[in-house]
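# Coordinate inspection notes
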Amino acid sequence: MEEASGTSRPQDIRPPEDACCAGCGGVLGDQWVSYRQDPDNREGLLQDFSQVVQWETRQGQRGAALAGTFKGFSRATRDDGPRAFRDPDDLGLFFHPTCAPKLKLTERMQHDLASILADSLVADMKKNPEKYANRASGGNAEVSTAPESAKPMVKLEWQRFSKLTEARSRFAKTPCVYIQADSQGCPIRIGKATEGLEARYRGGTGYAIDAAMHGSGNLVFVAVVERDLCACVEDELIWQGRRCLTYNNQGKRIVPVRRVLLSHSGSPPMLNEFDAAIGGQEAGP
Ligand SMILES: [Zn+2]
């Protein structure tokens, strides 16, 4: 693959052993930023960086340490940086990414930045496939951007409950996804139970949740899902509901690797804050 314009492979630029951040004085880790003069452009600076890029799969987070050089910074400091850039004193120093003075990007660079990062991630995947070998999706390492038509459709027939233990008896051993919702039926948390709700909320745990919900009017919605699809349906629901799911911590920042189309029927929760709902949007408690 072609090297993205504006980047180069790391040229052995790395902080010395035991280097400290020039901003806060703390020890530098895997992630750092450093500026130097662009040899091709007296007005511009290069930013050398090493960072750990995180993304999420169905089974948890993965990350890759990337290093490279961005080209196209002006010498002007951005207002939102932790402090002003001191030219030339700051050249060649190393900073934590959060402590580094932020420089203005030239206009062209602003357009290119996201694609440069994506390109370096894909390049790293091709260069070091073993790092990515355990990914849940198995197959190709590139971030999926499957067209809408290629997404499998999963039908969710929702049932509504006012107690978790009622939902648990109905879906004791049935693989399912479930939505905990407020009294308006607006989702606040999504979960999956590949072995059914009995295994997920065994014994007293179910009653503890009933007690926590007591008098709140909060609701639980459950839909049967094939066991193998539970994880990607859960991921898809969390992604689509990322703006309102207060109690999901993971899966709201990065689009799922494996997308599915969801259709809703039965007694679904309120999905009007979700990205895409097919059918059943009117239903509520
Ligand atoms: Zn620092």
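Here we summarise the structure given alongside this text. (Residues numbered from 1 in each chain as written. Predicted model: local features only at pLDDT ≥ 70, side-chain atom pairs only at ≥ 80, totals over all residues.)

## Thoughts on the sheet that holds strand β11 (residues 261-266)
For clarity, the cut-off: For two strands to pair, DSSP has to find at least two bridges joining them. By the criteria applied, helices consist of DSSP H or I runs no shorter than four residues and strands consist of E runs no shorter than two, each listed in order from the N terminus. Orientation is described by axes fitted as lines to C-alpha atoms, over the contacting stretch for helices, and by angles from 0 to 180 degrees between their N-to-C directions. Note that contacts rest on C-beta atoms placed from the backbone: two residues are in contact if these are within 7 Å.
Spatial ordering of the open sheet is given by β9-β8-β10-β7-β11, a layout of five strands whose pairing is mixed. At either end of the open sheet lies a strand with only one pairing partner, and these are β9 (187-193) and β11. Taking the axes of each pair of neighbouring strands and ignoring which way they run, one obtains an average angle of 30° across the sheet. Helix-sheet contacts for helix α5 (residues 230-240) involve β7 (153-161), β8 (176-181), β9 and β11, and the interaxial angle to β9 is about 170°.

## A closer look at the pairing of β7
By the bridge criterion, six bridges tie β7 to β11 in an arrangement that is parallel. Within the sheet, the bridge partner assigned to E157 lies in β11 and is S265. Where β7 and strand β10 (residues 219-224) come together, four bridges link them in antiparallel fashion. Looking across to β10, one finds that R160 is bridged to F221.

## Quick word on the environment of R242
By secondary structure assignment, the location of R242 is in the loop between α5 and β11. In the structure, R242 is positioned 31 residues away from E273 in sequence and 8.9 Å away in space, judged by C-alpha atoms.

## What about the pairing of β10?
Heads up, the rule is: Residue burial is a threshold on neighbouring C-beta atoms within 10 Å of the residue's own C-beta, all placed from the backbone, with 20 or more meaning buried, 12 or fewer meaning exposed, and counts in between meaning partly exposed.
In terms of residue burial, β10 counts as a mostly covered element, since five of its six residues are buried. Bridge count for β8 against β10 is six bridges, and the pairing is antiparallel. Counted as the bridge partner of I179 is F221 from β10.

## A short note on unusual backbone geometry
Look at the link from D87 to P88: it is a cis peptide, with omega at 5°. For D18, which is not glycine, the phi torsion reads 60° and is therefore positive. Following the sequence through the fold, D18 ends up in the loop between β1 (7-8) and β2 (32-38).

## A word on α5
Burial runs high along α5: 10 of the 11 residues are buried. Of all the residues in α5, the buried ones are C230, C232, V233, E234, D235, E236, L237, I238, W239 and Q240. Taken together, the buried residues of α5 touch β7, β8, β9 and β11.

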